[in-house]
Every structure is written in structure tokens, then in C-alpha cells.
Amino acid sequence: MKFMKSLVVASAITAGFLANSVQAGTLDAVKEKGYVNAGVSGKVIGFSAPDAKGNWTGMDVDFARAVAAAIFDDPAKARFTPVAFKEAFTALQSGEIDLLTRNTTWTFQRDTKLGLEFVGTLFYDGQGFMVKKELGVKSALELDGASVCTQSGTTTELNISDYFTAKGMTYKPVVYESADEATVIYDTGRCDVYTTDTSGLAARRTTLGNPKDHIILPEVISKEPLGPAVRQGDQQWSDIVRWTLFALINAEEMGITSKNVDEKLKSNNPAVKRFLGVDADFGQYLGLSADWAYRIIKHVGNYGELYERNVGPNTALGLERGVNALWTDGGLMYAPPVR
Amino acid sequence: MAKQWKPAPSRPSPETWTGIVGWLRINLFSSPANTLLTILGAGLLLAIIPPMVRWGVFDAVWLGDSRAVCDSSAAAGNGGACWVFVKVRLDMFLYGFYPEPERWRIDLMFTVLGFSLIPLLAPDFFRTGRSQALVGGCGVAVVFLLFGALPAVFMIGYTFAPFLFERVSLWHTPQQIQAGKRSAAATGAIGVFAVVAAVYWSVRLAGVETAALPVSLSAGVLSLCLLFFGRLGLLVWRWIFLFCVFSVFAFFMLVGGILGLPEVETHYWGGLFLTLVVAGTGMGTALPVSILLALGRRSELPVVKTLCVSFIEFVRGVPLVSVLFMASVMFPLFLPENVTFDKLLRALIGVAFFYAAYMAEVIRGGLQAIPKGQYEAAKALGWTYWKMMGLIIMPQTLRLVIPGLANNFLSLLKDTTLVAVIGLLDLLGIAKAAMADSEWLGFTKEAYVFAGVVFWIFCFGISRYSVRLEKKYHTNYQ
């Protein structure tokens with residue numbers, strides 16, 4: 001594994017040097033090949049996974065479709081390449097993918113050292129703990145000496161180490177390559193605690209033998225802003241992806257949905273008219289058409305629709321909006337105005 | 001009168017040592033220690049197998065087409081597997097993301113492959129031209145019924161052209177082969193060139209530009225074989241056709257883009273089909289390359305030898321995962337802009353060359369086991385290097401190394417799952433992705449068991465076949 005790590009770092013650095021020559025004009029390249037290639041995780045419930053018919057579903061997937069809709073007026077022009085975590089950064093640098101929406105946590109090192117550019121946060125997550133009810137544990141502070149099942153190679157592993165060290169507690173890590181294995185092992189009772197991002201915990205709990213026997217502890221021990229990333233150095237492309245995200249959020253704030261977007265074209269609200277490109281052409285600054293935001297909302301919906309469809313209370317994950325609500329509803333979702 | 005001695009009729013073996021009782025006594029309860037082991041073993045099997053069978057077969061849910069069936073069964077306290085999960089996604093498991101209206105192309109490709117492999121893998125049963133024609137005829141009928149007239153026309157050509165080639169190759173007389181090699185080579189080269197050019201231009205004129213080069217190349221190889229290899233048997237021709245004609249056919253069938261077939265980019269390939277493509281091309285390429293590498297390593301030409309040794313040692317020194325990783329991620333960085341090179345193709349080349357290096361060493365082991373006298377005898381007959389290797393040394397070597405090669409084939413088949421690290425979803429990758437479908441959470445076991453059983457079927461098939469080959473060819477060693 002150490003070998004792979006150094007290989008990844010080496011290739012990322014090489015990519016950083018070489019990429020200077022290939023990074024200009026992602027939009028032109030995308031238009032020429034006719035599709036946006038998005039790197040996704042491919043197996044994260046609610047974020048990216050193929051359904052029984054092979055159609056991709058999830059938040060990350062829908063975001064890539066929004067980008068495709070903005071450029072091509074056709075959400076089907078997004079392609080999805082499952083990328084492994086270790087491969088993701090180099091794949092982006094080498095141009096294998098145009099966009100990384102792989103529910104990746106935005107961290108300092110990834111933003112600076114690895115040469116990625118995170119454009120914003122699509123989903124605010126945080127790491128939590130799940131324990132069996134019968135243990136009688138009410139808080140993460142009571143977990144001293146517990147054995148903890150987790151998945152290797154992600155920030156999860158580092159967070160838990162930080163948390164236990166800071167609180168002066170000890171734990172036995174039980175590390176598995178995939179979340180599936182870690183969950184199964186937790187279910188068989190080999191470890192007391194299962195930890196991952198709270199969105200994952202909720203989903204995983206539904207797969208356990210008896211979901212009611214497990215509780216998710218109130219502590220959230222880390223900040224996990226999951227967001228799309230692009231390669232550094234192509235300002236136009238990162239603007240497009242960033243403003244696609246902002247358009248999703250702004251649309252929800254203005255009450256524009258995929259259902260009423262056509263009526264809103266006739267709206268008298270100047271902000272709405274500007275946003276939908278009725279009497280202003282903001283698309284030109286992105287290299288897109290005037291109705292870029294209209295296309296996004298028409299085809300994919302606004303942020304709230306994305307959320308409800310993929311991870312909301314009526315889905316298998318059943319997550320309330322919480323911190324992912326709009327700032328007007330007490331959440332963190334906030335986007336600069338289109339003007 | 002002389003008394004004739006009659007032996008007393010032999011008595012039957014004691015009852016306790018014959019029949020089932022005897023077999024049990026000899027094999028299972030011959031000593032206290034063995035008795036104990038038998039009891040422990042039986043206990044272990046009893047503890048493991050019935051719950052597994054109950055989970056997988058008797059308590060399992062087989063019918064239905066929605067999650068509700070599984071849930072209601074689980075709610076009724078039924079702890080068995082729910083195979084509906086696999087049933088609903090069977091197409092995904094088999095074809096990946098290959099577009100549904102085009103999937104018949106995969107079916108056709110495997111049908112043709114199946115019918116062409118039958119006589120090749122069981123040559124004992126299909127030695128005569130008539131039996132091969134019978135199989136071919138069945139193949140044509142099946143293809144016609146399932147896929148229509150045009151594929152059937154191809155199938156007729158593909159099945160019966162080897163008969164024609166065999167006839168033509170019989171025109172070579174031994175004298176022709178012995179004498180006049182050089183003049184034959186000159187005329188032959190011109191002939192091959194003419195064939196390639198003619199095929200190239202006729203295919204281009206027919207409006208199928210992309211196919212012109214591969215088709216004319218395969219025609220060139222066929223005519224080369226016809227000119228220079230002398231008399232070849234029918235089955236040998238079938239092998240040549242498999243490598244030259246079928247590979248081109250399969251490529252265009254799967255990729256499309258000609259004859260009105262829509263192009264299906266490798267991006268959409270997946271599932272069992274991808275596993276078989278990677279394994280099949282891997283095996284088909286690795287074996288010939290490995291033979292060349294093994295010969296090169298034993299060659300007396302210093303450049304050839306150094307190249308082969310360094311290639312083999314370099315490849316054996318790195319893990320397959322990193323080869324794939326380099327091929328998929330690093331390689332494009334070194335290519336000039338606008339030059340793209342399909343990701344799957346890179347992975348295929350990586351897998352094939354990786355295994356070629358390993359198999360080369362297995363074959364070299366076999367080469368070392370051939371007595372020197374065999375080489376000397378061939379040289380004393382005045383045979384050329386390639387003739388000696390092709391007709392004397394390699395046939396003996398290959399039958400010696402069947403177990404080792406089978407080993408490599410098996411691990412190649414299983415290592416195809418590593419393409420997951422470069423974002424290609426093979427059977428196991430699709431199974432893993434299936435576990436994250438939010439409508440079907442919690443069917444991890446079913447997905448893994450299904451993938452495992454499919455892999456087991458293929459691996460067991462390969463290993464049984466290799467045992468059969470060993471038995472057939474090891475006549476003077478066993």
C-alpha cells in the first residue's frame with residue numbers, strides 16, 4: 001500500500017507538471033467530444049450508483065448532469081467513469097475525466113498540494129458513530145477502549161485517530177477496504193462501533209440485520225464538505241462548474257423548480273429574469289448560452305429537488321435537510337447572487 | 001489314471017472387507033486417529049453445508065421481480081437468500097452498460113465463438129471433416145434462427161472456408177516444399193501483397209473504410225500461412241481462422257461503427273462480458289507472446305536475449321495493479337495532445353504482457369526439460385530453427401507445462417477483477433456497484449455469492465479441461 005501511495009503522489013506531481021500543457025480549454029475539449037466525463041465513486045448509496053437497469057443515480061451523478069445540461073442542453077451528455085479514490089486525482093490531472101464528483105471531502109492538502117480545485121460544497125457531511133443499543137452508550141465520550149470498524153484510505157481513518165487522541169481515549173481500529181465489509185463485520189459483532197460519514201451511517205443502518213437495535217450517536221466529529229472538483233488552471237471551466245452549483249442553490253432560494261421554470265420565465269422579478277437569462281446574457285461570461293441556468297433547472301431541478309430525489313427523507317437514506325438546508329432556513333447552503 | 005489336481009475355488013473376501021462396509025473400513029476408519037478425523041470432518045461438513053444449502057436454496061426466494069418479494073419473505077422470518085436481486089439485475093451482471101438494443105451483438109459473438117471452439121477444444125471427437133461440417137452446420141442453423149440471414153452468411157463462410165484452405169494447401173507437394181524455397185518466397189511475397197492490396201481496396205470501395213486495414217491484414221496473414229506453411233490440417237486452419245478472422249469479426253461486432261451497426265464505446269462495456277473479453281484476449285495474446293519470449297530468452301542472439309530477459313524481469317518485478325494503474329493514468333500523460341488510446345485497450349495490453357512474462361518462464365521451464373538429443377536430431381536432419389521449434393520442441397514442451405499454464409490461465413481469469421482499480425466494471429465491479437443501489441440495499445451476500453459462483457464455474461471448467469489435456473498428452477510420462 002505504501003508503494004501505491006508513493007506511486008499516486010509521484011503520478012500526481014508528474015501530472016501537475018505535465019498538465020500545464022493540456023489544461024487550457026476544457027470547455028472546448030468537452031464541446032468537441034460532445035460529452036462531459038465525470039469521475040464518480042460508483043458505489044456510494046445516494047451519491048452515485050447504477051440502478052437495476054444500468055442508469056446512474058445519485059447526487060453526484062445529478063450534479064454532473066446539471067453541468068452537461070448547462071453546456072449541451074441535454075443531461076444525457078454526461079458520462080460516468082467510476083474512479084477509485086487513489087486514482088481520482090491523477091485521472092483528473094491527466095484529462096481522463098473533466099470533473100470529479102466523487103463525494104470527495106474538500107481538504108487543505110487536496111486543494112493545494114494535489115493541484116485540485118474544489119468549486120464548492122454539494123453536501124455538508126460529518127463523521128459520526130453507530131453503536132448497538134444494548135451497549136447503553138449515549139455519547140462518543142463513553143467509547144474509551146472500544147473497537148472501531150472503519151474503511152481504509154479515507155479521511156475517516158484520520159479523523160477518528162485525531163478525535164480519540166484529542167479526548168485522551170484509546171480505541172482498537174478494525175480497518176477494511178470497503179464499507180460493505182466493514183458493515184458486515186460490525187453486524188456480526190466483531191467491533192463495537194462503526195464509523196463513517198453520517199450520510200453513510202444512515203444508509204448502512206438500513207442494511208443491518210435489525211436496524212432498530214442500533215443508534216447513531218449525537219457527536220459529529222469532523223467536517224466533511226463533499227464537493228465537486230476540477231483541475232487547477234482552467235478558470236473558465238472551474239467557473240462553469242462552480243456556477244452550476246450556485247445555480248442549483250439560487251434556484252431553490254428563488255423558488256424555481258423543474259416544474260415551474262417555464263412559468264417563471266414570465267416572472268416580473270428582475271432577479272429571476274436575470275437568472276433565467278430572459279433579459280440578460282450572463283452565460284456569455286462562462287462561454288455558454290444565455291439560458292444556461294434555465295437548462296440546468298429544466299432538466300435536473302434545483303438543489304432541493306436533487307436532495308429530495310437522492311438522499312432526502314423519502315429515500316433509502318432518509319436524511320433530513322439539517323445543515324444542508326438553505327441559509328434562509330437555518331442551513332449552510334448559500335450561493336452568491338447572479339448579477 | 002493320473003489324478004488331476006484341481007485348485008480349490010477361491011473363497012470370497014471376508015464380508016467386512018468388501019462392499020460399502022469394507023470401503024468404509026479401509027478408507028475412513030482404518031485406525032483410531034483416522035476414525036477421529038472422519039468424525040470431526042463429518043461434523044464440520046454437517047455444521048457448514050446444511051445451513052448454506054438452506055440459505056442458498058431451500059429458504060431462498062427465487063420468484064418475483066421486485067424488492068417487495070424479498071422484504072415480505074424476510075418479514076415472515078425467512079432468513080434465506082433473495083435471488084430476485086440477481087434476477088432483476090441479470091442483464092447488468094452479464095452485459096454491464098452495453099446498450100440494450102445492441103446486446104444481440106454480444107450474444108452473436110459468443111455463439112460464433114462457442115461453435116468454433118467446440119471442434120478445437122475436443123479434437124478427438126471432431127477429427128473428420130464430416131463431423132466438423134456437422135457442428136458448423138448446426139452453428140449456421142442456430143445463428144440463422146437467432147440472429148437472421150446476414151450473420152448466418154458470415155457463419156457459413158467462417159465455418160466452411162477452412163475446408164477450402166485445407167484443399168488448397170494440399171497442392172503443395174513435398175518436392176515443392178523441399179526445393180525452390182527461395183523462388184516460392186519471392187512469388188509468395190508478391191502474391192500476399194497483391195491479396196492484401198486487393199482486399200484493402202475492395203473493402204474501402206464497399207464503403208467500410210475503418211474495416212479495410214484489419215480485414216486486409218487478416219487476409220494477408222491467411223495467405224501467408226497458405227503459402228509458407230505447406231500442408232496444414234483442417235483443425236490447424238480452424239485455429240488460424242480463430243485468431244485471424246474471428247478476432248476481427250469480434251472486434252467489429254462489439255465496437256460497431258461499420259455496416260450500420262451503431263458504435264458502442266468501451267466505456268459502456270462491463271459485467272461478465274467484459275471479464276470474458278479481458279480474459280479471452282489476455283489468454284489468446286499472452287500464450288503466443290510468452291512462447292516467443294521464452295525462445296528469445298534462450299536465444300544465442302545477444303540483443304534478442306537481453307531484450308527478452310529485461311522485459312520478463314521488469315514485468316515480474318511489478319504488481320499487476322501498478323501495471324494497470326500506469327497504463328490507465330500515467331500513460332496518457334506522456335502521449336502528445338489529441339492522441340488518445342482507448343482505456344480498455346491499454347488495460348488489455350497491460351494484462352496480456354504481464355501474463356506473457358509469467359508464462360514465458362513456465363514455458364522456459366518446459367524447454368529445459370527437453371533432452372538435448374531432440375535438438376541435435378532435428379539439426380542433423382537439416383531443419384531450420386523455426387521448423388525444429390515448431391514441430392519437435394514446442395509440442396513436447398507445451399504438453400509438459402500444461403499444469404503451469406493452466407495455473408496462469410486461472411489466475412489471469414481471476415485477476416481480471418483488478419481492472420476495477422482503473423474504473424472498468426467487470427463482473428465483480430458490477431456486483432459491488434449493485435450493492436449501492438439505494439432501492440436494493442443489503443443484498444451484499446447474494447451479490448458476492450453470485451459473482452463467486454460464476455467465477456468458480458469458469459475456473460473449474462478450465463482446470464478440468466487442463467486435466468483432460470494432461471491425461472491425453474502425457475502418454476509417455478505416466
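Structure: above.
Note that this is a predicted model, so its numbers are computed, not measured.

Q: Can you walk me through the interface of chain B and chain A in this structure?
A: Often, the extent of an interface is quoted as the loss of accessible area upon association of its parts. Of the residues lining the interface, 34 residues belong to chain B; the matching set on chain A comes to 39 residues. Summed over the shared surface of chain B and chain A, the result is zero salt bridges. Our count for the contact surface shared by chain B and chain A stands at zero residue pairs in polar contact (both at pLDDT 80 or more). For the side of chain B that touches chain A, the element with the most residues is helix H15 (residues 320-334) of chain B, which contributes ten residues. The residue makeup of the side of chain B that touches chain A, split by class, is 20 nonpolar, seven polar and seven charged.

Q: Before we go on, may I ask you to explain the sheet that holds strand S10 (residues 171-176) of chain A in this structure?
A: In sheet architecture, strand pairing relies on hydrogen bonds along the backbone and comes in two forms, parallel and antiparallel. Residue and element names in this part refer to chain A. If you trace the five strands from one edge of the open sheet to the other, you get S10-S9-S11-S8-S12, paired in mixed fashion. Both outer strands of the open sheet, S10 and strand S12 (214-216), are each paired with one neighbouring strand and no more. Here the strands of the sheet are splayed against their neighbours by 30° on average, with no regard to which way each runs. Relative to S10, strand S9 (residues 146-151) is paired through six bridges, and the arrangement is parallel. The residue bridging Val148 from the neighbouring strand is Pro173, located in S10.

Q: Please clarify how unusual backbone geometry should be interpreted in this entry.
A: Excluding glycine, residues mostly have negative phi values, and the peptide bonds linking residues are mostly trans. Although it is not a glycine, Asp73(A) sits at a positive phi angle of roughly 60°. Positionally, Asp73(A) belongs in the loop between helix H3 (59-72) and strand S4 (78-82).

Q: Help me understand the pattern of salt bridges in this model?
A: Oppositely charged side chains may form a pair once their charged atoms are brought near each other. This structure, assessed with the given rule, holds 17 salt bridges over all chains. A salt bridge links Arg309(A) to Asp62(A), with the shortest nitrogen-to-oxygen separation between them at 2.9 Å. With Arg309(A) in helix H13 (residues 303-310) and Asp62(A) in helix H3, the pair connects residues that are 247 residues apart, well separated along the chain. Owing to a relative accessible area of 6%, Asp62(A) belongs among the buried residues under this scheme. A salt bridge links Arg316(B) to Glu361(B); the shortest N-O distance between them is 3.7 Å. With a gap of 45 residues between them, Arg316(B) in helix H14 (residues 302-316) and Glu361(B) in helix H16 (residues 343-368) connect regions that are remote in the sequence. Several salt bridges converge on common partners, so that one network encompasses Arg297(B), Glu313(B), Arg316(B), Glu361(B) and Arg364(B).

Calculation criteria
- Residues numbered from 1 in each chain as written.
- Chains lettered and ligands numbered in written order.
- Predicted model: local features only at pLDDT ≥ 70, side-chain atom pairs only at ≥ 80, totals over all residues.
- Heavy atoms only, no water.
- Contact = heavy atoms within 4.5 Å.
- Salt bridge = Lys/Arg side-chain N within 4 Å of Asp/Glu carboxyl O.
- Polar contact = N/O pair within 3.5 Å; in protein donor to acceptor, adjacent residues only side chain to side chain.
- Helix = DSSP H or I, 4+ residues; strand = E, 2+ residues; numbered from the N terminus.
- Nonpolar A, V, L, I, M, F, W, Y, C, P; charged D, E, K, R; others polar.
- Pairing = 2+ DSSP bridges.
- Axes fitted to C-alpha atoms, helices over the stretch in contact; angles between N-to-C directions.
- Buried < 20%, exposed > 50% of the residue type's maximum accessible area, 1.4 Å probe, protein only.

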